[in-house]
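Structural features, examined
Spelled out, the chains give:
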Amino acid sequence: MAQGNRIHEGGTSDWFSDTDPRALHVFLEAQRRMSPGEKFATVCRLTDFAIKLAETGERQRHPDASDREIFMRAAARRLDRGTMIAAYGWDPEAHR
């Protein structure tokens with residue numbers, strides 16, 4: 001595990017080291033109150049947001065690209081080259 005993400009005895013984590021303890025308490029309590037379904041829905045929303053953010057960045061870098069090309073470029077940020085070629089027949093290195 002990366003050094004910045006170590007969990008210490010007592011459940012503390014370096015990941016929260018820059019977070020005010022009061023804010024961390026509020027965050028963790030909100031997480032505890034969420035049902036598994038609510039947590040899953042939150043993960044889905046955040047994933048969708050991350051994908052849209054990547055697509056927006058690609059659109060800014062390639063304003064004349066088609067929607068399909070933007071999709072491919074954004075997917076190539078998440079998937080390795082071999083997966084892009086196998087799944088989509090699209091080689092990111094050929095579209096730099």
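Right above here is the structure, for reference.
This text gives an overview of the structure that appears in the document.

On to the environment of Gln 60, then. For Gln 60, the location among the structural elements is in helix α2 (residues 36–61). Separated by 10 residues in the primary sequence, Gln 60 and Ile 70 place their C-alpha atoms 9.9 Å from one another.

This part is about the packing of α2 against helix α3 (residues 67–78). Running from N to C, α2 and α3 cross one another at 120 degrees; their axes reach a closest spacing of 9 Å. Relative to α3, the element α2 lies oblique. In the packing of α2 onto α3, the handedness of the crossing is right-handed. Across from Ile 51, Ala 54, Glu 55, Glu 58, Arg 59 and Arg 61 in α2, the residues of α3 making contact are Asp 67, Ile 70, Phe 71, Arg 73, Ala 74, Arg 77 and Arg 78. For the contact of α2 with α3, the class distribution of residues is 5 nonpolar, no polar and 8 charged.

A complete count under the given rule lists 9 salt bridges for this structure. The partner of Glu 58 in a salt bridge is Arg 61, with the nearest N and O atoms 3.1 Å apart. With Glu 58 and Arg 61 both in helix α2, this residue pair falls 3 residues apart, about one helical turn. Here Arg 81 and Asp 91 are joined by a salt bridge, their closest N and O atoms 2.7 Å apart. Of this pair, Arg 81 sits in helix α4 (residues 81–88) while Asp 91 sits in the segment after α4; the two residues are 10 residues apart in sequence, bridging distant segments of the chain.

Turning to α3, a few remarks are in order. In this model α3 runs 17 Å from its N-terminal to its C-terminal C-alpha over 12 residues, within 8% of the 16 Å that 1.5 Å per residue would give. Listing the buried residues of α3 in full gives Ile 70, Met 72, Arg 73, Ala 74 and Ala 75.

Turning to its location among the elements, Lys 52 is positioned in helix α2. Relative accessible area serves as the criterion here: at 46%, Lys 52 is assigned to the partly exposed category. As a C-alpha pair, Lys 52 and Ala 74 span 22 residues in sequence and 8.6 Å in three-dimensional space.

Our next topic: the environment of Arg 61. Arg 61 gets classed as partly exposed once you look at its relative accessible area, which sits at 47%. Side chain to side chain, Arg 61 and Glu 58 meet in a polar contact 3.1 Å long.

The tally for this structure, following the rule as stated, stands at 1 aromatic pair. Arranged with centres 5.5 Å apart and planes meeting at 80 degrees, the rings of Phe 71 and Tyr 88 form a pair that is edge-to-face. With Phe 71 in helix α3 and Tyr 88 in helix α4, this pair connects stretches of sequence that are 17 residues apart. When its relative accessible area of 28% is taken as the criterion, Phe 71 is described as partly exposed.

Cut-offs and rules
Every chain begins its residue count from 1, and numbering advances along the sequence as written. Two thresholds apply to this predicted model, a pLDDT of at least 70 for residue-level local features and 80 or more for giving and counting side-chain atom pairs, whereas whole-chain, interface and lining totals are computed over all residues. Side-chain descriptors were evaluated using all non-hydrogen atoms of the structure, hydrogens and water having been removed beforehand. Helix and strand definitions follow DSSP, with helices as H or I runs of at least four residues and strands as E runs of at least two, each counted in order from the N terminus. Geometry is summarised by axes, namely lines fitted to C-alpha atoms with helices restricted to the contacting stretch, and by angles between N-to-C directions that run from 0 to 180 degrees. Here is the rule for angles: anything less than 35 degrees is roughly parallel, anything more than 145 is roughly antiparallel, 65 through 115 is roughly perpendicular, and the remaining ranges are oblique. Helix crossings get a hand from a simple test, with the near helix turned counterclockwise from the far one by less than a right angle marking a left-handed crossing and a clockwise turn marking a right-handed one. Residues are treated as being in contact if the distance between any of their heavy atoms lies within 4.5 Å. Residues are sorted three ways: Asp, Glu, Lys and Arg are charged, Ala, Val, Leu, Ile, Met, Phe, Trp, Tyr, Cys and Pro are nonpolar, and all the rest, Gly among them, are polar. Salt bridges are defined as contacts in which a side-chain nitrogen from Lys or Arg sits within 4 Å of a carboxyl oxygen from Asp or Glu. Expected span, for any helix, means 1.5 Å times one less than how many residues it has. Each residue gets one of three labels from its accessible area relative to the maximum for its type: buried under 20%, exposed over 50%, partly exposed in between, using a 1.4 Å probe on protein chains only. Here a polar contact is recorded for every N or O atom pair within 3.5 Å, except that within protein the pair must consist of a potential hydrogen donor and a potential acceptor, and residues adjacent in sequence are included only if both atoms are side-chain atoms. Pairing of aromatic rings covers Phe, Tyr and the six-membered ring of Trp, with a centre-to-centre limit of 6.5 Å; geometry is then stacked below 30 degrees between planes, edge-to-face above 60, and tilted otherwise.

In short, shape yes, function no, at least from these values alone.
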